[in-house]
Amino acid sequence: MAAETNENDYFVREIEKNDGCTLKVKQCYLGDVGCVVWDAAIVLSKYLETKQFYEPSSGVNAWADRKVLELGAGTGVVGLMAATLGAQVTVTDLEDLQTLLRLNIQENWALVNSGSITAKVLKWGEDVSEFLPPPHYILMADCIYYEQSVVPLVESLKQLSGPETCIICCYEQRTEGVNPKVEKRFFELLQQSFTCEEIPADKQDPEFSSPDIHILHIRRKV
C-alpha cells in the first residue's frame with residue numbers, strides 16, 4: 001500500500017543521468033538530516049556512472065546483477081542510481097525515513113529496468129543477519145556526522161562486509177564544531193579492520209566533484 005503523503009510536504013531535486021533520463025528525488029521541507037539530498041550523495045551517484053563502472057558502448061557494467069546495500073540512504077538517491085544501472089539494491093535507514101524512501105522508489109520505478117530496489121530498516125550496531133551474505137558493494141554518502149553513531153557504524157560495516165565487498169564512502173569534509181573530531185574517530189576505528197583508498201578527482205565525474213567531497217574505496221584487511 002502506498003504511504004499517505006501530502007505533496008506540499010515535498011520539493012523535488014532532479015539528477016540527470018548520463019543516458020538523458022532524470023531521477024526525480026523528493027525531499028522534505030521539514031525534518032532531520034536524512035530528508036534532503038546532500039551534495040555528497042549527488043557526487044557519489046554520478047561516480048557510479050563513471051567509465052570504470054559503466055560504459056555501455058564498451059559493454060562495461062560493474063553494477064549488472066551486483067548485490068548493493070546502501071547505509072543511511074536518506075532520500076535513496078544513491079541506491080536509486082545503482083538500481084537504474086542494473087544493480088540489485090537494498091536501501092536502508094531508520095524507521096522514520098522509510099516513507100520517504102518508498103515514495104522515491106515509487107516515483108522513479110520506471111527507470112529501474114534490469115535492476116531492483118527495496119527499502120528496509122537497518123539500525124547501525126544491531127543485528128544485520130537479514131542483509132547477509134555480504135553484498136558486492138556497500139554505498140555510504142555523508143554518514144559520518146554523529147559522534148554517537150561512529151562506533152555502531154564501523155561495527156555494522158565489519159559485520160556486513162566480506163573479503164570481496166567494496167565499500168564506497170563519500171563524505172563532505174566539514175571543519176566546524178565536532179565534525180573534525182567525529183571524522184578522525186571514524187577513520188581511527190575503521191583503519192583497525194579496513195584499508196582505505198582515496199579516489200582522485202580525475203576518476204570522478206568531471207562536473208559533479210568538489211575538493212571538499214571525498215570518495216573512498218574501503219575493503220576488509222586480509
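Okay, so let's go over this structure. No experiment lies behind these values; they were computed from the predicted model shown.

Some remarks on the pattern of salt bridges
Pairing between side chains of opposite charge can happen when their charged atoms approach one another. Applying the stated criterion across every chain yields a total of 10 salt bridges. Between Arg-174 and Glu-172 there is a salt bridge whose closest N-O contact spans 3.6 Å. Several salt bridges share partner residues, and in doing so they unite Asp-142, Glu-172 and Arg-174 into one network.

Details of helix H4 (residues 150–160)
Taken residue by residue, H4 has Val-150, Leu-153, Val-154, Ser-156, Leu-157 and Leu-160 as its buried positions. Looking straight down H4, one finds that the buried residues subtend no more than 160° of arc, so they occupy a single side.

So, the environment of Asp-39
Relative to the helices and strands, Asp-39 resides in helix H1 (residues 39–47). Exposure remark for Asp-39: the relative accessible area of 42% places this residue in the partly exposed category. Each C-alpha atom of the pair Asp-39 and Lys-24 lies 15 Å from the other, and the pair is 15 residues apart in sequence. Those residues in contact with Asp-39 that lie beyond four places of it in its chain are Arg-13, Glu-172 and Ile-213.

Thoughts on the packing of aromatic side chains
Enumeration over the complete set of coordinates arrives at seven aromatic pairs. For the pair Tyr-47 and Phe-53, a centre-to-centre distance of 5.1 Å together with 85° between the ring planes defines the contact as edge-to-face. In this structure Tyr-47 comes out as buried when scored by relative accessible area, which is 0%. With a centroid separation of 5.5 Å and an interplanar angle of 50°, the aromatic rings of Tyr-171 and Phe-187 are classed as tilted. Taken together, the positions of Tyr-171 in strand S9 (residues 166–172) and Phe-187 in helix H5 (residues 179–193) put the pair 16 residues apart, joining distant regions of the chain. Comparing Tyr-171 with Phe-187, the two get one shared label, buried. Three or more aromatic residues link up through ring pairs in this structure, and these residues are Tyr-47, Phe-53, Trp-63 and Tyr-137. If you follow Arg-174 out to its NZ or CZ, it ends over the ring of Trp-38, 5.6 Å from the centre. Here the guanidinium or amino end of Arg-220 rests over the ring plane of Phe-194, the centre of that ring lying 5.4 Å away.

Conventions adopted
Residues numbered from 1 in each chain as written. Predicted model: local features only at pLDDT ≥ 70, side-chain atom pairs only at ≥ 80, totals over all residues. Heavy atoms only, no water. Salt bridge = Lys/Arg side-chain N within 4 Å of Asp/Glu carboxyl O. Buried < 20%, exposed > 50% of the residue type's maximum accessible area, 1.4 Å probe, protein only. Helix = DSSP H or I, 4+ residues; strand = E, 2+ residues; numbered from the N terminus. Arc of directions from axis to C-beta. Contact = heavy atoms within 4.5 Å. Phe/Tyr/Trp six-rings, centres within 6.5 Å; stacked < 30°, edge-to-face > 60°. Lys NZ or Arg CZ within 6 Å of the ring centre and 35° of its normal.

By themselves, these observations are geometric and do not establish any function.
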